Amino acid sequence: MSDDRAEPGQGVQGSIADSLGITILDVGHGNSAVVHDGPLCAVIDAAPTDTLQAELERRKIKSIVHLVLSHADKDHAGGSPTLLLDDTYTVGTVWFNPDWSKDTAIWERVLRAVHLRQRKGGLDRHQMITTESGETLRCGRARLEVVHPNLMMVGGGSVTRPGDHGPLDSNSMSVVIRVHLDEQPVALLAADVDAAGLAHIVDSGQDLAAPVLVFPHHGGLPGNNRKSGEFANSLTQLVAPDLVVFSIGSGLRPRNPNQEIVAGVRSAAPGAHIACTQLSVQCHDKDLRVSDHHLAPRPASGRERGRCCAGTISVTADSGGLRFDPPLQNHRDFILASVGSPLCHAVLQLPPQRSTALAVSAPKASEAGIS
């Protein structure tokens with residue numbers, strides 16, 4: 001892993017046309033990520049902002065190999081109808097699971113958009129997504145590994161009912177994806193998975209290790225009557241990340257990230273770098289704007305309001321390993337110079353260089369899609 005100090009925009013080597021990586025978008029309170037290998041693209045979650053479309057436009061992407069919706073909440077799936085009904089894009093497969101507990105207008109819009117786009121053309125198919133799906137989700141040299149939920153959970157439906165590890169709900173059933181670049185695990189996207197969901201993952205024996213953890217539920221509480229610090233500690237130990245990202249909106253949920261969650265992350269990975277996409281009001285006065293000079297030159301929801309912390313974060317693989325944009329050192333300097341009372345201050349040390357570099361080879365046409 002490399003994090004040489006650099007000017008914003010200089011942390012990622014190579015051009016858009018040949019880059020292999022994952023971009024974790026600043027969409028405020030929500031989640032959205034773009035996995036890319038040159039012109040090939042997969043989207044994981046689509047929050048209801050224009051940030052995702054702006055990033056796709058920046059990358060000149062017109063075709064989405066996979067669109068994965070982790071669950072039915074608006075802050076994860078609310079932007080997908082706009083994406084699906086936009087003739088600018090074609091979509092290979094939309095992956096999502098039914099959720100009988102969600103009788104919401106936004107989830108109905110999602111289902112109607114999938115139905116209409118498939119009838120109209122421009123969408124190949126839609127499919128349930130579980131650990132037993134039996135298909136490998138590929139996007140060039142990138143691979144999306146489904147680590148949760150399993151078929152038994154999805155088949156039973158996402159309803160609040162007692163289980164081996166307590167009640168299950170939509171968050172418990174969130175699709176959790178581990179992103180591999182050139183067959184090396186790089187990022188765990190944990191959606192809104194809660195303590196009950198994590199317990200099921202542990203029972204399954206799934207490997208969660210990855211250099212980057214996008215922390216679940218935006219750093220919020222992990223379920224009813226669950227100890228936040230213990231949950232954060234357990235998950236962080238399983239992932240062993242160098243970078244932990246909280247995707248939050250400044251001011252929308254003032255308690256995010258939860259202080260016990262941050263403490264649990266810190267105790268499990270004292271050397272990890274913690275970054276929020278936007279500034280928490282726990283860290284910085286809600287009425288004070290900050291500079292965007294440290295940010296990567298990518299769309300970020302909080303930029304216009306002067307409320308970005310790390311903003312949109314790009315993790316790119318090259319022959320030297322992983323590179324971050326914005327560079328972690330730049331983000332650290334920004335925190336120390338500009339943020340009043342950063343929760344992450346105690347862990348703002350750069351992770352050690354990983355000794356294993358990613359071997360990056362040229363993409364093949366056959367690697368796009370499903371194998």
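In the block above lies the structure referred to throughout.
The sections below set out a description of the structure shown in this document. (Residues numbered from 1 in each chain as written. Predicted model: local features only at pLDDT ≥ 70, side-chain atom pairs only at ≥ 80, totals over all residues. Heavy atoms only, no water.)

**A closer look at the overall build of the protein**
Right, so step 1: A count of helices and strands for the protein gives nine helices and 16 strands.
Right, so step 2: Relative to its 371 residues, the protein shows a buried fraction of 58%.
Right, so step 3: Across the protein, contacts joining residues at least 24 apart in sequence account for 72% of those joining residues at least 6 apart. (Helix = DSSP H or I, 4+ residues; strand = E, 2+ residues; numbered from the N terminus. Buried < 20%, exposed > 50% of the residue type's maximum accessible area, 1.4 Å probe, protein only. Contact = heavy atoms within 4.5 Å.)

**A look at the packing of aromatic side chains**
Right, so step 1: Per the counting criterion, the structure on display carries three aromatic pairs.
Right, so step 2: Note on Phe 96 and Trp 107: the rings are 5.8 Å apart at their centroids and 85 degrees apart in plane angle, and the pair reads as edge-to-face. Residue Phe 96 is located in the loop between β5 (90–95) and α4 (105–120), and its partner Trp 107 is located in helix α4; the two are separated by eleven residues in the primary sequence.
Right, so step 3: Judged by relative accessible area, Trp 107 falls into the buried class, the value being 4%.
Right, so step 4: Between Phe 215 and Phe 231, the ring centres sit 6.1 Å apart and the planes meet at 90 degrees, which makes this aromatic pair edge-to-face. Note that Phe 215 is positioned in the loop between β11 (212–214) and α7 (228–239) and Phe 231 in helix α7, a separation of 16 residues in sequence.
Right, so step 5: Judged by its relative accessible area of 6%, Phe 231 falls in the buried class.
Right, so step 6: Connected via pairs of aromatic rings, a cluster forms that spans Phe 215, Phe 231 and Phe 246. (Phe/Tyr/Trp six-rings, centres within 6.5 Å; stacked < 30°, edge-to-face > 60°.)

**Side note on the environment of Asn 233**
Right, so step 1: With respect to the helices and strands, Asn 233 occurs in helix α7.
Right, so step 2: Asn 233 sits in the buried class, given a relative accessible area of 19%.
Right, so step 3: Linking Asn 233 and Val 265, residues 32 residues apart in sequence, is a C-alpha distance of 5.4 Å.
Right, so step 4: A polar contact of 2.7 Å, which involves the side chain of Asn 233, links it to the side chain of Ser 267. (Polar contact = N/O pair within 3.5 Å; in protein donor to acceptor, adjacent residues only side chain to side chain.)

**Looking at the packing of α7 against helix α8 (residues 259–268)**
Right, so step 1: Running from amino to carboxyl end, α7 crosses α8 at an angle of 35 degrees, the nearest separation of the two axes being 7 Å. In this structure, α7 meets α8 at a crossing whose hand is right-handed. Mapping the contact onto sequence places Ser 228, Gly 229, Phe 231, Ala 232, Asn 233, Thr 236 and Gln 237 in α7 and Glu 260, Ile 261, Gly 264, Val 265, Ser 267 and Ala 268 in α8.
Right, so step 2: In terms of residue class, the contact of α7 with α8 is built from five nonpolar, seven polar and one charged. (Axes fitted to C-alpha atoms, helices over the stretch in contact; angles between N-to-C directions. Left-handed = near helix turned anticlockwise from the far one by under 90°. Nonpolar A, V, L, I, M, F, W, Y, C, P; charged D, E, K, R; others polar.)

**Some remarks on the sheet that holds strand β3 (residues 40–44)**
Right, so step 1: One open sheet holds the eight strands; their spatial order is β6-β5-β4-β3-β2-β1-β14-β15, and the pairing between them is mixed. Edge positions in the sheet fall to β6 (123–127) and β15 (321–325), since each of these pairs with one other strand and no more. Taking each pair of neighbouring strands and ignoring which way they run, the sheet shows an average axis angle of 15 degrees.
Right, so step 2: Taken together, the five bridges between strand β14 (residues 313–318) and β15 define a ladder with antiparallel strand orientation. The partner of Asp 318 across the bridge, within β15, is Gly 321.
Right, so step 3: Packing of α4 onto the sheet brings it into contact with β5 and β6, and relative to β6 it is tilted by some 140 degrees. (Pairing = 2+ DSSP bridges.)

**Let's talk about the pairing of β6**
Right, so step 1: Relative to β6, β5 is paired through four bridges, and the arrangement is parallel. The residue bridging Val 94 from the neighbouring strand is His 126, located in β6.
Right, so step 2: Handedness of the β5-α4-β6 crossover: right-handed. (Right-handed = clockwise from strand over helix to strand, strands pointing away.)

**What about the side chain of His 29?**
Right, so step 1: The topology assignment puts His 29 in the loop between β1 (20–24) and β2 (33–37).
Right, so step 2: The class of His 29 is buried, set by a relative accessible area of 15%.

Structural measurements only, silent on function.
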